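Here are the chains, one letter per residue:
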Amino acid sequence: MKGTMKAIGKWKAAPGVQLVEVPIPQIEYGELLVKVKGASICGTDVHIYEWDEWAQGRIKPPLVTGHECCGHVVEVGPGVTGFAEGDLVSLESHIPCGLCAVCRTGLQHICTNLKILGVDTAGVYADYVKIPAICAWKNDPSMPIEIATVMEPMGNAVYASLCEPIAGSSILITGCGPVGLFATIVCRASGASRIFAVDINPNRLEMAKSLGAHESFDARDPDAVVKRVLEATGGDGVDVVLEMSGAPSAIKTGFKALRKGGRFTAFGLPSKPVEIDFNNDIIFKGARVIGINGREMFQTWYKMAGLVRSGALDPRPVITHKFPLVEFDKAMATMRSKEGKVGKVMLIP
Ligand code: ZN
């Protein structure tokens with residue numbers, strides 16, 4: 001497709017973003033051109049916006065940013081089968097090489113040569129985005145745009161929660177940002193027996209409760225959290241911890257509240273190395289620690305699509321704000337605000 005489009009991205013190596021007019025991406029072999037219908041803001045986009053140390057080392061301006069989106073296929077490149085113009089797709093942001101040993105043994109989502117949409121390649125905060133067809137997920141055409149937009153971040157929660165079966169299990173979720181909130185819904189939809197939610201933000205705890213958490217706790221009193229969780233689980237501790245915060249204190253709380261032989265699921269990213277009581281928290285406990293990066297390609301997507309189709313999983317209550325894409329600064333200010341109930345912030349091009 002010829003012409004130009006509006007896009008939001010990093011045109012200067014400095015905090016903030018710019019609204020620019022750029023050429024529409026030209027697709028090549030194996031690629032699709034997608035007209036973006038909805039996008040959303042991830043924690044990664046906040047780091048890029050704030051231009052922190054990680055962003056400075058990773059992002060090479062000029063770059064259209066953003067990686068969570070859905071849209072309609074408007075052009076199908078040569079060599080692509082299974083997609084047609086008009087398909088409603090959500091995008092998998094992990095772009096694998098398909099050829100490394102990791103990819104070839106079925107772990108494409110952590111490919112050795114992994115590229116990330118909107119981080120290493122032009123992203124979705126634009127009218128159009130091009131994507132390798134392997135990273136497009138075809139949705140039911142009747143799926144509401146809000147749901148299709150957040151399939152990628154919800155996929156983190158589905159992968160983390162359901163990397164092993166959880167029906168009848170007790171769950172502790174530490175960190176109730178958007179992925180923690182999605183996880184609350186996923187756990188509830190999947191038959192968890194008891195969901196304990198922990199955060200420092202009372203608004204988020206209130207949201208977790210309204211989405212199905214049975215009990216919520218202020219993370220700043222870790223002893224009270226562990227005491228109550230042990231009490232509620234007959235002294236054993238929870239079957240599963242979903243660590244969504246990356247906060248060292250929450251990681252510690254999670255291990256203390258985990259039962260022997262339980263599963264500690266690590267998703268939140270600590271900003272620096274964390275000290276762990278290896279002996280008591282992992283070895284003597286017989287704990288299984290599972291790292292979650294992205295979503296399994298595409299087991300997570302099949303599972304998630306099935307749960308959405310069943311009606312058991314509806315992520316829309318987590319989407320608390322919507323802005324036109326051109327009001328990106330306002331959307332980002334909302335996302336970064338510590339006040340009020342902020343879950344997922346959505347953008348409409
Ligand atoms: Zn690879």
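Since the model is a prediction, treat every value here as computed from it, not as a measurement. (Residues numbered from 1 in each chain as written. Predicted model: local features only at pLDDT ≥ 70, side-chain atom pairs only at ≥ 80, totals over all residues. Heavy atoms only, no water.)

J.: Where do I start with the coordination of the zinc ion in this structure?
T.: The textbook angles at a metal center are 109.5 degrees for a tetrahedron of four donors and 90 or 180 degrees for an octahedron of six. Taken together, the protein donors to the zinc ion comprise C97 (SG), C100 (SG), C103 (SG) and C111 (SG), at separations of 2.3 to 2.5 Å. Around the zinc ion sit four donor atoms; with metal-centred angles ranging over 101 to 118°, the donor geometry is tetrahedral. (Donors = N, O, S within 2.8 Å, 3.2 Å for Na, K, Ca; no water. Tetrahedral: all angles 85-135°; square planar, octahedral: opposite > 155°, others 65-115°.)

J.: Explain the packing of helix α8 (residues 222-232) against helix α9 (residues 248-257) to me, please; I cannot follow it from the model alone.
T.: A packed helix pair is summarised by two numbers, namely the angle formed by the two axes and the spacing between the axes. As a packed pair, α8 and α9 sit with axes 9 Å apart at the nearest point and diverge in direction by 25°. Considering the angle they form, α8 stands roughly parallel to α9. Judged by the twist between their axes, the crossing of α8 over α9 is right-handed. Contacts between α8 and α9 involve P222, V225, V226 and V229 on the former and, on the latter, T253, K256 and A257. (Axes fitted to C-alpha atoms, helices over the stretch in contact; angles between N-to-C directions. Helix = DSSP H or I, 4+ residues; strand = E, 2+ residues; numbered from the N terminus. Parallel < 35°, antiparallel > 145°, perpendicular 65-115°, else oblique. Left-handed = near helix turned anticlockwise from the far one by under 90°. Contact = heavy atoms within 4.5 Å.)

J.: Just checking my understanding: could you explain the pattern of salt bridges for this structure?
T.: On inspection of all chains with the given rule, the structure shows 21 salt bridges. For K6, the salt bridge goes to D127, with nearest N and O atoms at 3.1 Å. Residue K6 is found in strand β1 (residues 4-10), and its partner D127 is found in the loop between β8 (115-116) and β9 (128-132); the two are separated by 121 residues along the sequence. By relative accessible area, which is 24% here, K6 ends up partly exposed. Take D127: its relative accessible area is 14%, and that puts it in the buried class. Salt-bridge contacts for R228 lead to E231; the nearest nitrogen and oxygen are separated by 3.0 Å. Here E231 and R228 lie together in helix α8, a separation of three residues that amounts to about one turn. (Salt bridge = Lys/Arg side-chain N within 4 Å of Asp/Glu carboxyl O. Buried < 20%, exposed > 50% of the residue type's maximum accessible area, 1.4 Å probe, protein only.)

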